[in-house]
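Observations on chain architecture
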Amino acid sequence: MKIGIPAETRSGETRVAATPETVKKLISQKHEVFVQAGAGIASSITDQAYSDVGATIVDRAMDVISNCDMILKVRAPAENELSAYRAGQVVVGMLNPFDNASLEAMNKAGLTAFALEAAPRTTRAQSMDVLSSQANIAGYKAVMIAANVYQRFMPMLMTAAGTVKAARVLILGVGVAGLQAIATAKRLGAVIEASDVRPATKEQVESLGAKFVDVPFESDEEREIAQGVGGYARPMPESWMKRQAAAVHEKAIKSDIVITTALIPGRKAPTLLHEDTVRAMKPGSVVIDLAVEQGGNCPLSKLNEIVDVNGVKIVGYANLAAMVAADASALYARNVIDFLKLVFDGEGTFKIDMEDDIVAACLMCTGGELKRKNA
Ligand code: NAD
């Protein structure tokens, strides 16, 4: 099959969907690979590195797309790019299964589209789990940014000029990003507390050397909802959210850095850090809101800005994984190539096996029909 890798066009998107390592694998599987000139450069990959493993470098995105049967992407093609595509082409990427307009546009263009974020969180899907590979990077980068904005040391230091206290870090939401944020802050010597609605996270938090902030359940209903579904959280009742806000308030005003990562698939992110809490925090404290693209866990955070509220800096940077572009692309490209094993038979012929739960979950549309399962 002819497989194309155009450069990403979204603002701030530095990642690329294939690396020389994965292109080499595709070519060894008898595919032809076409890469747009400069597609990898923001991820520190030169055109030469792609051509050294056998890819053909093509100047224009339009020519990559029109020449190929399958297009590997990081983000969904923008609506104005779809005119370069033709019916029957296959697109694989992080296509955002909850963006109805974008899915409908791809369906109208007659594309067969696979959104990798829709893969189930099962053991078999782990090697192609783009949410995990990218959230892991975001969790790491959140701590790096926090350490940079914070005007004090992270570790406790005893010097001839006196002792410096360790930073106190509060992490809200301990899925993949939150757990990596705990591990990273721990390596820097911070003292960490963390909280999540799912009780299963308590043990994970403690195993990383952090203290779990418990928000008790007061009914079987609360306890039941908190278990989540498929590993994901569900929206909690108002009563529990109020108790959580009070617990977070008490911890946040003693913290130096708060990192929020809480998401609920397909919904606006829950509010965990309220305005009155931010206003009661110490000047010099830092908030990193990783949920900013989904509406934010803090109502004061603003997309791609640092907001200063009485000396508390709230960082609302989007797409933190793209700030670690080379590794983010390397891991993402491996996720993609592992997924492709499911849609090619031994001869390298494309197939859609709807009996395969991962393929069925990721397939958004084909042949002019919407197939999305989880929206
Ligand atoms: P996510 O990005 O959807 O959400 C981040 C975290 O926010 C979650 O831990 C969630 O429970 C939490 N959250 C949501 N609402 C909250 C609230 N009101 N208060 C506090 N916390 C709240 O989650 P994710 O990182 O994608 O991970 C989801 C799950 O998938 C986890 O259980 C993870 O261990 C699991 N997982 C499984 C596999 C696998 O088995 N292959 C792979 C990766 C992740």
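It should be noted that the structure appears before, not after, this text.
Let us look at the structure shown here. Since the structure is predicted, the reported quantities are computational estimates derived from the model, not experimental observations. (Residues numbered from 1 in each chain as written. Predicted model: local features only at pLDDT ≥ 70, side-chain atom pairs only at ≥ 80, totals over all residues. Heavy atoms only, no water.)

**Topic: the overall build of the chain**
Put simply, the rule reads: Counting from the N terminus, the helices are the DSSP runs of H or I reaching at least four residues and the strands are the DSSP runs of E reaching at least two. A radius of gyration in this sense is built from C-alpha atoms; the matching globule rule multiplies 2.2 Å by the number of residues raised to 0.38. The rule is simple: take the accessible area with a 1.4 Å probe, protein chains only, and divide by the maximum for that residue type; under 20% is buried, over 50% is exposed, in between is partly exposed. Residue contacts are counted whenever heavy atoms from the two residues lie within 4.5 Å of one another. Only the protein chains shown count as cover for residues, with accessible areas throughout obtained via the Shrake-Rupley method and a probe of 1.4 Å. For the charge count, each Lys or Arg is scored as positive and each Asp or Glu as negative, with His and the chain ends excluded. Taken as the charge location is NZ of Lys, CZ of Arg, CG of Asp or CD of Glu.
Counting secondary structure elements, the chain contains 12 helices and 17 strands. Here the C-alpha atoms of the chain give a radius of gyration of 22 Å, agreeing with the 21 Å that 2.2 N^0.38 yields for 375 residues. The principal-axis extent of the C-alpha atoms belonging to the chain is close to 65 × 55 × 35 Å. When the 375 residues of the chain are sorted by exposure, 52% land in the buried category. Counting contacts in the chain only where the partners sit at least 6 residues apart, residues at least 24 apart contribute 63% of the total. Just so you have it, the chain exposes about 16800 Å², and 51% of that area is on carbon and sulfur atoms. Taking the average location of the 40 positive side-chain charges in the chain and that of its 43 negative ones, the two points are 5 Å from each other.

**Regarding the nonpolar core**
Keep this limit in mind: Take the buried residues of types Ala, Val, Leu, Ile, Met, Phe, Trp, Tyr and Cys, join any two whose side-chain atoms come within 4.5 Å, and each joined set is a nonpolar core.
Counting 38 residues, the largest nonpolar core has Leu72, Val92, Phe114, Phe339 and Leu340 as the members making the most contacts within it. Listing elements by their share of this core, those giving two or more residues are β1 (2-5), α1 (20-28), β2 (32-36), β4 (70-75), β5 (90-94), α11 (325-340) and α12 (357-362). The element that contributes the greatest number of residues to this core is α11, accounting for five residues. Setting aside residues up to four positions removed in sequence, Phe339 forms contacts with Val92, Phe114, Leu116, Met128, Ile358, Val359 and Cys362. Of all hydrophobic cores here, the second largest spans 29 residues; its members include Ala185, Ile192, Ile257 and Ile259.

**Digging into the site of the ligand**
We count it as follows: Only heavy atoms are used to decide nearness, and a residue is near a molecule or strand if one of them lies within 4 Å of it. Counted as a polar contact is a pair of N or O atoms within 3.5 Å, where, for protein atoms, one must be capable of donating a hydrogen and the other of accepting one, and residues adjacent in sequence contribute only when both atoms are in side chains.
The environment of the ligand is made up of 23 residues, and the closest members are Ser132, Val176, Asp196, Arg198 and Gln244. Leu263 places a polar main-chain atom, nitrogen or oxygen, 3.5 Å from an oxygen atom of the ligand. Within the complex, 86% of the 850 Å² of free accessible area of the ligand lies under protein.

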